[in-house]
Amino acid sequence: MATTTDNAAQLIFAPNVLHNQALTSVKFLSFCFAGAVAGILGLENWLGFALFIASIVSTSFIIYAINCRGKPAKYLPGGLGELVNPGQDNIFTFILVWTLFYGIIHVYD
């Protein structure tokens, strides 16, 4: 007899779970771009992190509306929570690209 965790695992379509790597790549590129924008605009302190939060919300909404068609639990094992979670590596990527572009553009200001 199957347990409830086995039943939940059977409801997740395996090709969709394998396709989640593309979701990770989209989030990574989105946060790289947001970091570059924050650095080029010369944002400092909380304004840069506000742009990061805005990029989380906008990226998650676009994926929610277009790719998941309003049903993230059907495509992601964690549902909406996994869709909105930026991940630790993406936070560090944003900060790295932010400081890189800020240093390149505004080093002699």
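For the chain, an unreviewed UniProt entry supplies the name ER membrane protein complex subunit 6 and the organism Suillus fuscotomentosus. A UniProt comment under Subcellular location (unreviewed entry) is attached to the chain, and it reads "Endoplasmic reticulum membrane".

Undergrad: How should I be thinking about helix α4 (residues 46-67) in this particular structure?
TA: Taking 1.5 Å per residue, 22 residues should reach 32 Å; α4 reaches 31 Å between its end C-alpha atoms and fits that length. The complete set of buried residues in α4 reads Gly48, Phe52, Ser55, Ile56, Thr59, Ser60 and Ile63. Taken around the axis of α4, the buried residues stretch over an arc of 120°, which confines them to a single face. In α4, the exposed positions that point more than 90 degrees away from the buried face belong to Trp46, Leu47, Ile53, Val57 and Phe61.

Undergrad: I tried to follow the packing of α4 against helix α7 (residues 88-106) on my own but got confused; where do I start?
TA: Any two packed helices are characterised by the angle at which their axes cross and by the distance between the axes. Look at α4 against α7: their axes get within 11 Å of each other, and the N-to-C directions meet at 130°. Here α4 is positioned oblique relative to α7, judged by the angle of their axes. The two elements α4 and α7 meet at a crossing, and its hand is right-handed. Residue-level contacts link Gly48, Phe49 and Phe52 of α4 to Asn90, Ile91, Phe94, Ile95 and Trp98 of α7. Partitioning the contact of α4 with α7 into residue classes produces six nonpolar, two polar and no charged.

Thresholds, definitions, all that
Residues numbered from 1 in each chain as written. Predicted model: local features only at pLDDT ≥ 70, side-chain atom pairs only at ≥ 80, totals over all residues. Heavy atoms only, no water. UniProt positions renumbered as here; feature names shortened; annotations may be inferred. Helix = DSSP H or I, 4+ residues; strand = E, 2+ residues; numbered from the N terminus. Expected span 1.5 Å × (residues − 1). Buried < 20%, exposed > 50% of the residue type's maximum accessible area, 1.4 Å probe, protein only. Arc of directions from axis to C-beta. Axes fitted to C-alpha atoms, helices over the stretch in contact; angles between N-to-C directions. Parallel < 35°, antiparallel > 145°, perpendicular 65-115°, else oblique. Left-handed = near helix turned anticlockwise from the far one by under 90°. Contact = heavy atoms within 4.5 Å. Nonpolar A, V, L, I, M, F, W, Y, C, P; charged D, E, K, R; others polar.

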